[in-house]
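If you want the building blocks of each chain, they are given just below.
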Amino acid sequence: MHRGNRHGRSEAAREAVLQAADDLVAEIGYARVTIEGIAARAGVAKQTIYRWWRSKTDILIDAFTADSTQELTLPDTGAFRTDLRAHLDELVRFLEASDSGAVFRALAGQAQHDPELAARLRTEVLPRLRARDRVPFDRATARGELPADADIDLLVDQTVGPIHFRVLVTGEPVTPALLDALVTTAARHRPGAAVA
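The residue numbers shown here count from 1 along each chain, following its written sequence. Reporting of local features is limited, given that this is a predicted model, to residues whose pLDDT is at least 70; pairs of side-chain atoms are given and counted only at 80 or more, and all residues count toward the totals for whole chains, interfaces and linings. For the side-chain quantities, the full set of heavy atoms in the structure was used; hydrogens and water were omitted.

Identification of the protein as TetR family transcriptional regulator from Micromonospora wenchangensis is taken from an unreviewed UniProt entry.

## A short note on the packing of aromatic side chains
Pairing of aromatic rings covers Phe, Tyr and Trp, the last through its six-membered ring, and needs centres within 6.5 Å; plane angles under 30 degrees mean stacked, over 60 mean edge-to-face, and all others mean tilted. Under the counting rule described, the total for this entry stands at 4 aromatic pairs. An aromatic cluster of at least three residues, connected via ring pairs, comprises Phe64, Phe94 and Phe104. We count a charge as sitting over a ring when the NZ of a lysine or the CZ of an arginine lies within 6 Å of the ring centre and within 35 degrees of the ring normal. A cation over a ring is seen here: lysine 56 above tyrosine 30, with NZ or CZ 4.2 Å from the ring centre.

## Digging into the domain arrangement of the protein
The domain limits used here are those given by an automatic or database domain assignment. One can read the domain layout of the protein as domain 1 (4-55) and domain 2 (71-188). On a C-alpha basis, the centroid separation for the pair domain 1 and domain 2 is 28 Å. Whether two residues are in contact is decided by their heavy atoms, any of which lying within 4.5 Å being enough. Residue-level contacts link 7 residues of domain 1 with 9 residues of domain 2. Buried area is calculated as the accessible area (1.4 Å probe) missing from two parts once they are joined, with the contributions of both summed. Of the roughly 620 Å² buried at the junction of domain 1 and domain 2 (both faces included), carbon and sulfur atoms supply 60%. Considering only the side of domain 1, the residues that lose the most area to domain 2 are Asp22, Val25 and Tyr30, jointly responsible for 67% of the buried surface there.

## A look at the environment of glutamine 112
By the criteria applied, helices consist of DSSP H or I runs no shorter than four residues and strands consist of E runs no shorter than two, each listed in order from the N terminus. Of note, glutamine 112 is situated in the loop between α6 (99-111) and α7 (115-142). Exposed residues in this analysis have more than 50% of their type's maximum accessible area, buried residues have under 20%, and partly exposed residues fall in between, with area computed by a 1.4 Å probe over protein chains only. Assessed through its relative accessible area of 63%, glutamine 112 is described here as exposed. Sequence spacing of glutamine 112 and arginine 130 is 18 residues, and the spatial spacing of their C-alpha atoms is 20 Å. Here a polar contact is recorded for every N or O atom pair within 3.5 Å, except that within protein the pair must consist of a potential hydrogen donor and a potential acceptor, and residues adjacent in sequence are included only if both atoms are side-chain atoms. Side-chain polar atoms of glutamine 112 contact the backbone oxygen of alanine 108, separated by 3.1 Å.

## Looking at the layout of surface pockets
Looking at the largest pocket, its volume works out to about 400 Å³. In terms of lining, the largest pocket is formed by 17 residues, of which the most central are Phe104, Ala108, Leu126, His164 and Leu168. Counting residues per element, the lining of the largest pocket draws most heavily on α7, which supplies 7 residues. Lys, Arg, Asp and Glu make up the charged group, whereas Ala, Val, Leu, Ile, Met, Phe, Trp, Tyr, Cys and Pro make up the nonpolar group; the residues left over, Gly among them, are polar. Partitioning the lining of the largest pocket into residue classes produces 9 nonpolar, 4 polar and 4 charged. With a 1 Å grid spanning the protein atoms alone, the term cavity applies to any set of points in which a 1.4 Å probe fits but cannot get out, the term pocket to an open set with protein on both sides within 12 Å along at least five of seven lines, and the term lining residue to any residue with an atom within 4 Å of a point. Grid points are joined across faces, edges and corners, and a volume is the space filled by probe spheres set on the points.

## A few points about the nonpolar core
In this text, buried Ala, Val, Leu, Ile, Met, Phe, Trp, Tyr and Cys residues form a nonpolar core when linked through side-chain atoms within 4.5 Å. One finds Ile38, Ile49, Ile59, Phe137 and Ile163 to be the most contacted residues of the largest nonpolar core, which totals 56 residues. Mapped by element, the contributors of at least two residues to this core are α1 (6-28), α2 (35-42), α4 (56-71), α5 (80-97), α6, α7, α8 (152-170) and α9 (176-187). Lining this core are residues from two domains, each supplying at least three of them: domain 1 (4-55) and domain 2 (71-188). Ignoring anything within four residues of it in the chain, the contact list for isoleucine 163 reads Leu88, Leu91, Val92, Leu95, Val174, Leu179 and Leu182.

Here's what the structure looks like:
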């Protein structure tokens, strides 16, 4: 009778594949990553990969989803300005400096030429990121720091949109001064405050 931990080995192999995919995209870019290369880096057979995923895109979406959940922790400091600034700092570090950010940038770039990938990003990845970006605003609304009728979606767009634009389009640095300005602008939406 077999008493080994097959599930544990399977999960270890799955994690190795996700990490290998992250590493390879960061090192050589999306276009040069192959299932064979991921399998070799992870130390697993291609068949192991195909048990869980149909394509490298499937692997990278799963890797990004897992990484974003682990790396974007959404600190709760008890105050909107500090919650938002902490989230924006994490978001910038995640998008600019992490392997996961490299995966996101690669997927976003590839989506410009791949309608199926673009649709998957819009339905599977971006709603999760959007929900995380809303958390500081939702907390602030619950604490009375933002008006109950605040347009949270618009505030999220105005706050994280410039970060994504710089990271994905212009390549300009996301500076502390920009983050300060974004937080200050978002914080102007206080209950009873007139917004210019």
